[in-house]
Amino acid sequence: VSGIDLHFSHQSTFISRRQNTSPSWWSHGELHAHLNGSVSFSTIEKLVARKPHLNIEHGMTAIRSGQRRTLDECFQVFKVIHQLVDTEEDILMVAKDVIREFAADGVKYLELRSTPRKEKTTGMTKRRYVETVIEAIRQCKNEGVDIEVRFLVAVDRRNGAEVAMETVKLAEDFMLSTGGLVVGLDLSGDPMVGHGRDLLPALQKAKNCGLKLSLHLSEVPSQADESELLLNIPPDRIGHGTFLHPEVGGSQSLVDKVRKHNTPLELCLTSNVKGQTVSSYSQHHFLYWYQMGHPSVLCTDDKGVFCTDLSQEYQLAASTFNLSQEDMWTLSQKAIDCTFAPDLQQQLHQKWLELRPTLFQL
Ligand SMILES: CC(C)=CCNc1ncnc2c1ncn2[C@@H]1O[C@H](COP(=O)(O)O)[C@@H](O)[C@H]1O
Ligand SMILES: [Zn+2]
């Protein structure tokens, strides 16, 4: 059975089971979600209706079950979505929809990340971009959506050192002015473009001013030197880390650095399989790190683009690696210790314990 077949069959199991039970599977913390990659089908439809002249169809914004794309093709998808999301109204709608959808999936703690964008044609500035996401988080809170949301400002590696430094300053301003809603900085973007050495001063500055750092590292095989360098900062979490270990062309020295600092990994099964950096679910590096007892957190990456959600990622991990409900519960519980909101951790642990009995009735 190929990974994709597995994916498909689990999706049906997941849907039929979910109809009869509480929406919460193992209680969820989502720590790696790019805002514009998380836009659902129904939100895309609303955006397309607002901008019919763009002639964008849903097939251009999502990679369905059974489909795989090269990394390059995946990054083209983000360009299409960015065309659809280019005003403050769009950002507000997209962010609120994404937050509500994670909540409906049972996610109780969400760290969203997004790259501030300036759009000349609509007058949107990077500052207004971040303010609008913060506004969406506040509105959801006021509307009683049952989820805690924090925000990471993202640096797109393609834009170079100067933009990275500006983004860090913006993130620092918002960290200080939002009462703790902005908690960190993400480094993402096409891993084939740019080099982390140029971004080191900006990342270092972010760390020094108290922003937590989550860096996409070794997402492709050619990044070993960059990872050596960036792991010295050290980051507070690692996105993907697909090619860190020696068996896939990384090195023991990289693994040792990650282990020395006990740096948690954010692992996104569907994203890596559909983006073809991992050949099948069973080959995913989740197993390598999980067997080592290293902190590993299941995440969606881009739930809209990859047509998944966090429950489905947990279900995939459980069936692919033969994990029990108790294992999954522990995995979900340990994710709490990896969040960038230490002020919430005690409260989240309490919430997870309260939800536990309902989860084991499945
Ligand atoms: C192509 C592929 C397999 C994607 C998954 N892996 C990724 N690797 C690096 N950066 C990413 C990935 N997914 C999303 N992003 C970043 O998130 C952005 C979209 O969300 P946003 O506009 O920042 O709100 C993309 O433009 C890109 O900068
Ligand atoms: Zn990512």
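Small disclaimer: the values here were computed from a predicted structure and weren't measured.

(A) Representation of the sheet that holds strand β2 (residues 107-114) in the model. With parallel pairing, eight strands are arranged side by side in an open sheet as β1-β2-β3-β4-β5-β6-β7-β8. The sheet is open, and its two borders are formed by β1 (28-34) and β8 (296-298), each paired with just one other strand. Each strand of the sheet is rotated relative to its neighbour by a mean of 25°, with strand direction disregarded. Strand direction decides the pairing type here: β2 and strand β3 (residues 148-156), joined by six bridges, are parallel. Within β3, the position partnered with serine 114 by the bridge is valine 153.

(B) Focus on the nonpolar core. Of all hydrophobic cores here, the largest spans 90 residues; its most connected members are Leu110, Leu112, Ile147, Phe151, Leu185 and Leu203. If sequence neighbours within four positions are ignored, leucine 203 has contacts with Leu185, Leu187, Leu213, Leu215, Leu230 and Ile233.

(C) Representation of unusual backbone geometry within the structure. Along the chain, isoleucine 233 connects to proline 234 via a cis peptide bond; the corresponding omega equals -15°. Relative to the elements of secondary structure, proline 234 occurs in the loop between α8 (224-230) and β6 (237-240). One non-glycine residue with positive phi stands out, namely asparagine 322, at about 60°.

(D) Layout of the environment of lysine 260. Within the secondary structure, lysine 260 is located in helix α9 (residues 252-260). A sequence separation of 210 residues divides lysine 260 from arginine 50, and the C-alpha atoms of the two residues are 50 Å apart.

(E) Examining the coordination of the zinc ion (ligand 2) more closely. Binding of the zinc ion (ligand 2) to the protein goes through His32 (NE2), His34 (NE2), His216 (NE2) and Asp301 (OD), at separations of 2.1 to 2.2 Å. Around the zinc ion (ligand 2), the four donor atoms are arranged such that angles at the metal cover 82 to 168°; this shape is classified as irregular. Donor residues binding the zinc ion (ligand 2) come from one chain and are separated in sequence as H-x1-H-x181-H-x84-D. Of the two residues, histidine 32 sits in strand β1 while histidine 216 sits in strand β5 (residues 212-217), which places them 184 residues apart along the sequence. Here histidine 32 falls in the buried class, since its relative accessible area comes to 0%. On the basis of relative accessibility, which here comes to 7%, the residue histidine 216 falls in the buried class.

(F) Region of interest: the UniProt feature "domain: Adenosine deaminase" (unreviewed entry) in the protein. Under the UniProt annotation, the feature "domain: Adenosine deaminase" (unreviewed entry) is placed at residues 30-346. Annotation note: span residues 30-346, helix share 45%, strand share 14%, distance between end C-alpha atoms 17 Å.

(G) Molecular detail of the site of ligand 1. The local shell around ligand 1 holds 21 residues, among which Cys74, His82, Ser114, Thr115 and Glu219 are the closest. Here an oxygen atom of ligand 1 sits 2.9 Å away from a polar atom, N or O, in the side chain of asparagine 36. The separation between an oxygen atom of ligand 1 and a polar side-chain atom of histidine 82 is 2.7 Å. It is helix α3 (residues 71-84) that contributes the most residues to the shell around ligand 1, five residues altogether.

(H) A look at the environment of glutamine 83. As for its placement among the helices and strands, glutamine 83 is situated in helix α3. For the pair glutamine 83 and isoleucine 63, spaced 20 residues apart in sequence, the C-alpha separation works out to 18 Å. If sequence neighbours within four positions are ignored, glutamine 83 has contacts with Lys51, Leu54 and Ile56.

(I) Examining helix α4 (residues 88-104) more closely. Taking 1.5 Å as the rise per residue, α4 with 17 residues should run 24 Å; its terminal C-alpha atoms sit 24 Å apart, in good agreement. What α4 keeps buried is the set Asp90, Ile91, Met93, Val94, Ala95, Lys96, Asp97, Val98, Ile99, Phe102 and Ala103. After α4 finishes, the residue glycine 106 shows a positive phi value of roughly 100°.

(J) Representation of the pattern of salt bridges in the model. One pass over the full model with this rule turns up 25 salt bridges. The residue lysine 205 makes a salt bridge to glutamate 172 at a minimum N-O spacing of 3.9 Å. Here lysine 205, found in helix α7 (residues 196-208), pairs with glutamate 172, found in helix α6 (residues 160-177); they are 33 residues apart in sequence, far enough to count as distant. Residue class for glutamate 172 comes out partly exposed when judged on its relative accessible area of 22%. A single salt-bridge network, built from bridges that share partners, covers Lys46, Lys96, Asp97, Arg100 and Glu143.

(K) Region of interest: the pairing of β3. By the criterion of burial, β3 is predominantly enclosed, with eight of the nine residues buried. Considered for its hand, the β-α-β crossover made up of β2, helix α5 (residues 126-142) and β3 is right-handed. Here β3 pairs with strand β4 (residues 182-188) via six bridges, running parallel. Bridge pairing in β4 places leucine 152 opposite glycine 184. The parallel pair β3 and β4, bridged by α6, forms a crossover whose chirality is right-handed.

Reading guide: rules and limits
- Residues numbered from 1 in each chain as written.
- Chains lettered and ligands numbered in written order.
- Predicted model: local features only at pLDDT ≥ 70, side-chain atom pairs only at ≥ 80, totals over all residues.
- Heavy atoms only, no water.
- Pairing = 2+ DSSP bridges.
- Helix = DSSP H or I, 4+ residues; strand = E, 2+ residues; numbered from the N terminus.
- Axes fitted to C-alpha atoms, helices over the stretch in contact; angles between N-to-C directions.
- Core = buried A, V, L, I, M, F, W, Y, C linked by side-chain atoms within 4.5 Å.
- Buried < 20%, exposed > 50% of the residue type's maximum accessible area, 1.4 Å probe, protein only.
- Contact = heavy atoms within 4.5 Å.
- Donors = N, O, S within 2.8 Å, 3.2 Å for Na, K, Ca; no water.
- Tetrahedral: all angles 85-135°; square planar, octahedral: opposite > 155°, others 65-115°.
- UniProt positions renumbered as here; feature names shortened; annotations may be inferred.
- Near = heavy atom within 4 Å.
- Polar contact = N/O pair within 3.5 Å; in protein donor to acceptor, adjacent residues only side chain to side chain.
- Expected span 1.5 Å × (residues − 1).
- Salt bridge = Lys/Arg side-chain N within 4 Å of Asp/Glu carboxyl O.
- Right-handed = clockwise from strand over helix to strand, strands pointing away.

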